[in-house]
Number of protein chains: 4
Amino acid sequence: MIRAGIYGVSGYAGFELFRLLRRHPAVALIFAASESGAGSSMAQLFPVTEDFPIISFADAPLDQVDVVFLALPHGVSATVARQALAAGVRVIDLSADFRLKDPGVYARWYKEEHPAPDLLEEAVYGLTEWNRPAIRSARLIANPGCYPTATLLALLPLTRAGAIGPGLIIVDAKSGVSGAGRKPSLTTHFVEVDENLSPYNIGRAHRHLPEIEQILHAFNGALGPLVFSPQLLPVARGILATIYVPLASGWTEGMVRDLLVESYGPEPFVKVLPPGTLATLRHSVGTNLCVLSVTGVPEAGLVILTASIDNLIKGAAGQAVQNLNVMFGLEETAGLL
Amino acid sequence: MIRAGIYGVSGYAGFELFRLLRRHPAVALIFAASESGAGSSMAQLFPVTEDFPIISFADAPLDQVDVVFLALPHGVSATVARQALAAGVRVIDLSADFRLKDPGVYARWYKEEHPAPDLLEEAVYGLTEWNRPAIRSARLIANPGCYPTATLLALLPLTRAGAIGPGLIIVDAKSGVSGAGRKPSLTTHFVEVDENLSPYNIGRAHRHLPEIEQILHAFNGALGPLVFSPQLLPVARGILATIYVPLASGWTEGMVRDLLVESYGPEPFVKVLPPGTLATLRHSVGTNLCVLSVTGVPEAGLVILTASIDNLIKGAAGQAVQNLNVMFGLEETAGLL
Amino acid sequence: MIRAGIYGVSGYAGFELFRLLRRHPAVALIFAASESGAGSSMAQLFPVTEDFPIISFADAPLDQVDVVFLALPHGVSATVARQALAAGVRVIDLSADFRLKDPGVYARWYKEEHPAPDLLEEAVYGLTEWNRPAIRSARLIANPGCYPTATLLALLPLTRAGAIGPGLIIVDAKSGVSGAGRKPSLTTHFVEVDENLSPYNIGRAHRHLPEIEQILHAFNGALGPLVFSPQLLPVARGILATIYVPLASGWTEGMVRDLLVESYGPEPFVKVLPPGTLATLRHSVGTNLCVLSVTGVPEAGLVILTASIDNLIKGAAGQAVQNLNVMFGLEETAGLL
Amino acid sequence: MIRAGIYGVSGYAGFELFRLLRRHPAVALIFAASESGAGSSMAQLFPVTEDFPIISFADAPLDQVDVVFLALPHGVSATVARQALAAGVRVIDLSADFRLKDPGVYARWYKEEHPAPDLLEEAVYGLTEWNRPAIRSARLIANPGCYPTATLLALLPLTRAGAIGPGLIIVDAKSGVSGAGRKPSLTTHFVEVDENLSPYNIGRAHRHLPEIEQILHAFNGALGPLVFSPQLLPVARGILATIYVPLASGWTEGMVRDLLVESYGPEPFVKVLPPGTLATLRHSVGTNLCVLSVTGVPEAGLVILTASIDNLIKGAAGQAVQNLNVMFGLEETAGLL
């Protein structure tokens, strides 16, 4: 049994991790920690959950675990990661602290100095389907952001294959409210969200933009700037990204779909829909799937990719568990079906 | 023109008052005050609202108004009310501070001493349809709570007519989230409310219970205890109260409906539905209406009253404006159609 | 492996059965039938479902199965049940056809002659927790209605123990829209349901009333008439029943909670919440649980039971699978955790 | 008083027309017609509506009205329009029948011959802000589609001013469910829409695409092909279009905003938001406003326009009334504030 701990168990991603790990056949959850929830139990924070105690960070028995998951705010995460690594514990970090390779880029987007620049080099970006060899041996995983997961799973096959032509890539993305976290704010107040749709940080203003571009440019440095428009949906969970991609000469809708099917054929958690069917939120919510569909617009030299994930599962806790499975040589679907 | 001011304009009830008063043909809104919003403008707090300045309480020009509306927390409200009354300004208070006549009852339910017991006697309960003579000459109106408004408009005709038999009156009430206010909390977080229904303070534990009973018992001191079960609905606005009433001997569904029709016949803001039609939230939301329906259960000696209101309009700001209209001799529907 | 078939797989309950049976470790799903969907596949009707063929009723290979589930309209169900029984196949019927023991009562509520009165006597009411010995050997199970499941699981311990005093039992029940079926109608149109709450068939007018009373009266023929008020919630799934019960002399909230805890102590699918916590929809949706809470109202001689279930799982397909597990001697939780 | 009639009053747009016309100070509603609703009354079809009779088309007194509104399916509308015009009655048609000038284009997109090609030439496209002189004297108005209204109000100032550079214009549009009409279907079933987001007819496949392009190309024939992606939101009302526009050389966000402000400065129903504020659904729903915001993406040579309207008001019935006001020389805001 792999012995695991969770830091930040009182948020939505932390709770999702808790649920996944408690039913994982090869994982023993040794502790669940939360500074705000310390002293209470999971059953007190979340309805109909088993009565698992919540401890403080200081009480976390790092000597009894093989791996910890960090579902913490950026900045906080790096400090806990350093402690865990020092104790010989592998780390899967769901925050943004180790996603950007360049501490200068981090400082620009997160408005503070990077808290652990010396750890950046060894951090491995945990987009499972695209990084298995490095994940297998990693001590420190930077679990991808929710929007980047959906966007990159759609775009990377085209990027690698040279299917993307000159022109802008536009990602019009819509997310459920759990992506904004469990901390109450006017932004997440029911009355403000209900019957509404709110764009925010559109263009090139959202922190997930440099994360997406860093990965895309690693495959093709010549790609132009991305445009990324996040929007808040009146639903609890799920991301739907509608992605407009200029095609390189000679590429067609059919070729793009074939490429995706071939790229992800054996993958258990990426599904490519047949012609005429479009991915919706419903396709993925509640699962660790990323569901993709392809629509050609030949008059415009364009293909529209639609990518659907559950932001808390494939976009956070589910992908983190998938990475754990790879890191410890388990069946990759263990605990995720 | 009646010159009016609003205290507490940054909450949902305060904003609803602002909208109603700005389109009221006989009211000039002189000021809109909010401690948290002072210095900004309505357009900054609420989308597509005109650019009306928000001032602090200290800056409110009490000498330039005839009446003020208080959309404030209980406790705070009484202090502002006293200032306004001292300045010769009439007060319509939407808080709970002047609804309960007995300061001991207030202390028991609100867990603090009553902030202005000397003002209780002259305060007039502003359930418009039932209290017009006193409202007309009142200096200080205690605007009813949202649940009490729906419940009392349904029950008072039966109480007065002696139609209620021995046995329990059970009020199973459901409310939209705006009733919980605009201050963010886990209770009003979209993800917690969405796809959920949550009972709270059921039985005899909600502060609106003594308010309802005080009025009912004024009409019939022999009525037994009320049971009141509020529940939080995943909608923004509206209250639906399903009220189970034991009938006095000889009463039937038809007689109860006739009684309601007769009681409210000329009323512009109370509608009684015909046989076979049940009041739903949709009937009232967005209006100052209270919509009532009657279903007999002869095998059980019972009648079920269903009462629907918009909690922010008839249950708060709309009824407050209706009271203003009565107080100043205006057409009662002015600004409310 | 138990070999099973589903009739009526294109509705919400049928699809839920499909999902549960496909992951059931001891069941082989031999066929999925639907008259309207015959010739297509599950993947065509429901997003991200495996490509399981849908056949017509005529093509269903009854000789290859041990048991069939009927998720069909009443009237239709009885005919298919007779065919299956004649072929030596055990039947779990999710329709209303075999719930009411008296064909006269059926005719009165369903406005047609009972289609198979000769089968009524042997039909076993499948409220699993209360009827295991009969279920074990049954050829024909009448799976309970969704509202009756929630209501009876709450009330039966009190009924059996004599805890219910004279007076009315009032069930104010709220249900998500999937309970109204997948067939489009104005009642289930998004725009009509959204931001609304609609009572329907309240009092003693809903077909689930005689079903509930039949079972209650089998335990205590002296209980008075039930009042039952169903209401349509703007959510997809879940039932919350708020049940007002007059207590027999000497009974208290604590005694009722102890009684429930004792009655359901070892049950895997019934949870009784601790004092101060109220059951919400969220407690049960997505699970086969019935979650119960108890609130005493001593001034009124009353206890309020709150019962929460997922109408498609514990209220339909989940309980049907639970019954299958009992019928075939499997672990009762098999396929349901 | 202008005497008006409505055909198709039982749908959502028809009902919205009914509400607007009944409170319009200069309009007398002479009749409300619906083939499916004939013989009943508005109060029977819609909750808390006045008891206005619904007549059949055959009974509509065309000799008693000055103008009729057609809220009918395409194909049906043209026939009624011809009858009304023959009777000397002016027509405001909310269907698609007279929007496309070329009957060949109509046949291609609507899969049937145009029902009245001889009337196409005189039909005036009723995008009020852009076509007042022609609307003033028109006998036959083609009221714009909902998506085209939002899209064109955002794009036309830029088109006219030459602000759009070479490259694709991408319209990622999201609509509430009332846009799909009141006729029940699986697409509009609450359970299918709730917690979902569904793209449909994306790319160049939706019937509103040729309507938008026809108008854009009338201003600038050199504009490239438009890409248009409609998506169904889990809300009742409202359209939010996120529009990606390549800028002509020299243009900036500030210049585009200034252009919009200047273009629409005196307009009562178009609002341009200040820098840093993005249009949301909430900005327009319940009003006849189109609310616009501008976000520059200089690195991409792009501007993002966000346009928000209420699909049933500015996108249908409200704009139709606005056109009526222009046609009959009334105050343009009459009945719309």
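Since this is a predicted model, take the numbers as computed values, not measurements.

Moving on: the overall build of chain A. Per the secondary structure count, chain A includes 10 helices and 13 strands. By the compact-globule yardstick of 20 Å for 337 residues, chain A fits well, its C-alpha radius of gyration being 19 Å. If one aligns the C-alpha atoms of chain A with their principal axes, the spans along those axes are about 60 × 45 × 40 Å. Burial analysis of chain A (337 residues in total) assigns 65% to the buried set.

Each partner contributes to the interface: chain A provides 43 residues, whereas chain D provides 43 residues. The contact between chain A and chain D buries some 3200 Å² in all, and 66% of this surface belongs to carbon and sulfur atoms. Area buried by chain A at its contact with chain D is led by Glu195, Leu197 and Arg282 of chain A, which between them contribute 18% of it. Between the two partners, chain A and chain D, sit 4 salt bridges.

One copy of the chain maps onto the other through a rotation about an axis plus a displacement along that axis. Of the two same-sequence chains, chain C is brought onto chain B (RMSD 0.0 Å, axial shift 0.0 Å) by a rotation of 180°. Look at the turn and shift together and you get a two-fold axis relating the two. The fraction of interface residues of chain C whose copies in chain B are also interface residues reaches 100%, indicating that both copies meet through the same surface.

Moving on to the packing of aromatic side chains. Under the counting rule described, the total for this entry stands at 34 aromatic pairs over all chains. Relative to phenylalanine 190 of chain B, the ring of phenylalanine 190 of chain A has its centre 5.2 Å away and its plane inclined at 15°; by these criteria the two rings are stacked. Separated into two different chains, phenylalanine 190 of chain A in helix α7 (residues 190–193) and phenylalanine 190 of chain B in helix α7 (residues 190–193) make up a pair that spans both. The pair formed by phenylalanine 190 of chain A and phenylalanine 190 of chain B is uniform in burial state, with each residue classed as buried.

Residues and elements named next belong to chain A. Reading across from one edge, β8-β9-β7-β10-β13-β12-β11 is the order of the 7 strands in this open sheet, with mixed pairing throughout. At either margin of the open sheet sits one strand with a lone partner, and together these are β8 (198–199) and β11 (270–272). Strand direction decides the pairing type here: β8 and strand β9 (residues 226–232), joined by 2 bridges, are antiparallel. Among the inter-strand pairings, serine 198 is bridged to a residue of β9, identified as leucine 232. Of the strands in this sheet, β7 (169–175), β9, β10 (239–246), β12 (290–297) and β13 (302–309) are in contact with helix α6 (residues 146–161), which crosses β13 at around 140°.

Each partner contributes to the interface: chain C provides 43 residues, whereas chain B provides 43 residues. For the pairing of chain C and chain B, the buried interface totals around 3200 Å² over both sides, and the portion due to carbon and sulfur atoms is 65%. Contact with chain B buries area across many residues of chain C, yet Glu195, Leu197 and Arg282 of chain C alone supply 18% of it, more than any other trio. At the boundary of chain C with chain B, the tally comes to 24 residue pairs in polar contact (both at pLDDT 80 or more). Sorting the residues of the side of chain C that touches chain B by element identifies β7 (169–175), α7 (190–193), β8 (198–199), β9 (226–232), β10 (239–246), β12 (290–297) and β13 (302–309) of chain C as the ones contributing at least two each. For the side of chain C that touches chain B, the element with the highest residue contribution is β7 of chain C, accounting for 4 residues. Of the residues belonging to the side of chain C that touches chain B, the class tally is 24 nonpolar, 10 polar and 9 charged.

The next thing to look at is the packing of helix α6 (residues 146–161) of chain C against helix α9 (residues 253–264) of chain C. All names here are of chain C. Remark: α6 packs on α9, axes separated minimally by 10 Å, with the N-to-C direction vectors making an angle of 105°. With respect to their mutual orientation, α6 and α9 come out roughly perpendicular. When α6 is examined against α9, the residues Leu152, Leu153, Ala154, Pro157, Leu158, Arg160 and Ala161 are found in contact with a partner set consisting of Val256, Leu259, Leu260, Ser263 and Tyr264. When the residues that make up the contact of α6 with α9 are grouped by side-chain class, the tally is 10 nonpolar, 1 polar and 1 charged.

This part is about the state of the cysteines. Residue and element names in this part refer to chain B. Under the definition given, this model contains 0 disulfides over all chains. You can see cysteine 146 has no disulfide; the closest cysteine sulfur is in cysteine 290, sitting 12 Å from it. By relative accessible area, cysteine 146 is classed as buried at 13%.

Quick look at the packing of α6 of chain A against helix α8 (residues 208–219) of chain A now. Residue and element names in this part refer to chain A. Between α6 and α8, the least distance of the axes is 10 Å, while the angle of their chain directions is 20°. By the criterion of interaxial angle, the relationship of α6 to α8 is roughly parallel. Crossing handedness for the pair α6 and α8: right-handed. Residues Cys146, Tyr147, Pro148, Thr151, Leu152, Leu155, Leu156, Thr159 and Arg160 of α6 pack against His208, Glu211, Ile212, Ile215, Leu216 and Phe219 of α8.

This part takes up the pairing of β12 of chain A. Residue and element names in this part refer to chain A. In terms of burial, β12 is a largely internal element, 8 of the 8 residues being buried. Along β12, one buried face is formed by Cys290, Leu292, Val294 and Gly296 and the opposite face, lined by Val291, Ser293, Thr295 and Val297, is buried too. Where β11 lies against β12, 3 bridges are found, and the strand directions are parallel. Its bridge partner lying in β12, lysine 271 is registered against valine 291. Looking at chain direction, β12 and β13 are connected through 8 bridges and run antiparallel. The partner of serine 293 across the bridge, within β13, is threonine 306. Two successive antiparallel strands, β12 and β13, enclose a turn made up of 4 residues, where glycine 301 displays a positive phi of approximately 60°.

All names here are of chain C. Spatial ordering of the open sheet is given by β8-β9-β7-β10-β13-β12-β11, a layout of 7 strands whose pairing is mixed. Strand pairing shows two members of the sheet lacking a second neighbour, β8 and β11 (270–272), which therefore form its edges. Across 7 bridges, β7 lies against β9 in parallel orientation. Across the sheet, residue aspartate 172 finds its bridge partner in β9, namely serine 229. Relative to the sheet, α9 contacts β11, β12 and β13, its axis offset from that of β12 by approximately 160°.

Let us look at the confidence of the model for chain A. Looking at chain A, pLDDT values average 97 and 100% of them are 70 or higher. Across the assembled chains, the prediction reports ipTM 0.96 with pTM 0.97.

Turning to helix α10 (residues 313–327) of chain D, a few remarks are in order. All names here are of chain D. Across its 15 residues, α10 extends only 18 Å between first and last C-alpha, which sits more than 12% below the 21 Å expected from 1.5 Å per residue. Considering bend angle alone, the principal kink of α10 is centred on glutamine 319 and spans about 45°. With 15 of 15 residues buried, α10 is to be regarded as a mostly interior element. Looking one or two places after α10, you find glycine 329, whose phi comes out positive at around 70°.

Glancing now at unusual backbone geometry. Backbone geometry places asparagine 201 of chain A, a non-glycine residue, at a positive phi of 50°. By secondary structure assignment, the location of asparagine 201 of chain A is in the loop between β8 and α8.

Glancing now at the domain arrangement of chain A. Frequently, the measure chosen for interface size is the accessible area removed from exposure when the parts meet. All names here are of chain A. Domains assigned within chain A are domain 1 (2–122) and domain 2 (147–311). Between the C-alpha centres of domain 1 and domain 2 the distance comes to 27 Å. Contacts between domain 1 and domain 2 engage 15 residues on the former and 13 residues on the latter. Counting each side, the surface lost to burial between domain 1 and domain 2 is near 1100 Å², with a carbon and sulfur contribution of 53%.

Now for the pattern of salt bridges. Within the structure shown, the criterion is met by 68 salt bridges over all chains. The shortest N-O distance in the salt bridge between aspartate 66 of chain B and arginine 3 of chain B comes to 3.0 Å. Placement of aspartate 66 of chain B in the loop between α2 (42–45) and β3 (67–70) and of arginine 3 of chain B in strand β1 (residues 2–7) is noted, with a sequence separation of 63 residues between them. Between glutamate 50 of chain D and arginine 22 of chain D there is a salt bridge; the shortest N-O distance is 2.5 Å. Here the residue glutamate 50 of chain D occupies a position in the loop between α2 (42–45) and β3 (67–70), and arginine 22 of chain D occupies one in helix α1 (residues 12–22), the gap between them amounting to 28 residues. Owing to a relative accessible area of 38%, arginine 22 of chain D belongs among the partly exposed residues under this scheme.

The next point concerns the pairing of β7 of chain A. Residue and element names in this part refer to chain A. Here β7 lies mainly inside the structure; 7 of its 7 residues are buried. Burial of β7 is two-sided: the residues Ile169, Val171, Ala173 and Ser175 facing one way and the residues Ile170, Asp172 and Lys174 facing the other way are all buried. When β7 meets β10, the two strands line up antiparallel, connected through 6 bridges. Across the sheet, lysine 174 pairs through a bridge with leucine 240, a residue of β10.

Residues that lie three or four places apart on an α-helix share one face, since the helix turns once every 3.6 residues. Most of helix α1 (residues 12–22) of chain B is tucked away: 9 of the 11 residues are buried. By the burial criterion, the buried members of α1 of chain B are Tyr12, Ala13, Gly14, Phe15, Glu16, Leu17, Phe18, Leu20 and Leu21 of chain B.

Calculation notes
Residues numbered from 1 in each chain as written. Chains lettered and ligands numbered in written order. Predicted model: local features only at pLDDT ≥ 70, side-chain atom pairs only at ≥ 80, totals over all residues. Heavy atoms only, no water. Helix = DSSP H or I, 4+ residues; strand = E, 2+ residues; numbered from the N terminus. Rg over C-alpha atoms; globule rule 2.2 N^0.38 Å. Buried < 20%, exposed > 50% of the residue type's maximum accessible area, 1.4 Å probe, protein only. Contact = heavy atoms within 4.5 Å. Buried area = accessible area lost by both parts, 1.4 Å probe. Salt bridge = Lys/Arg side-chain N within 4 Å of Asp/Glu carboxyl O. Least-squares fit on C-alpha atoms with pLDDT ≥ 70 in both. Phe/Tyr/Trp six-rings, centres within 6.5 Å; stacked < 30°, edge-to-face > 60°. Pairing = 2+ DSSP bridges. Axes fitted to C-alpha atoms, helices over the stretch in contact; angles between N-to-C directions. Polar contact = N/O pair within 3.5 Å; in protein donor to acceptor, adjacent residues only side chain to side chain. Nonpolar A, V, L, I, M, F, W, Y, C, P; charged D, E, K, R; others polar. Parallel < 35°, antiparallel > 145°, perpendicular 65-115°, else oblique. Disulfide = S-S within 2.5 Å. Left-handed = near helix turned anticlockwise from the far one by under 90°. pLDDT = per-residue confidence, 0-100. Expected span 1.5 Å × (residues − 1). Bend = angle between axes of the 7 residues up to and from the residue. Domains from an automatic or database assignment.

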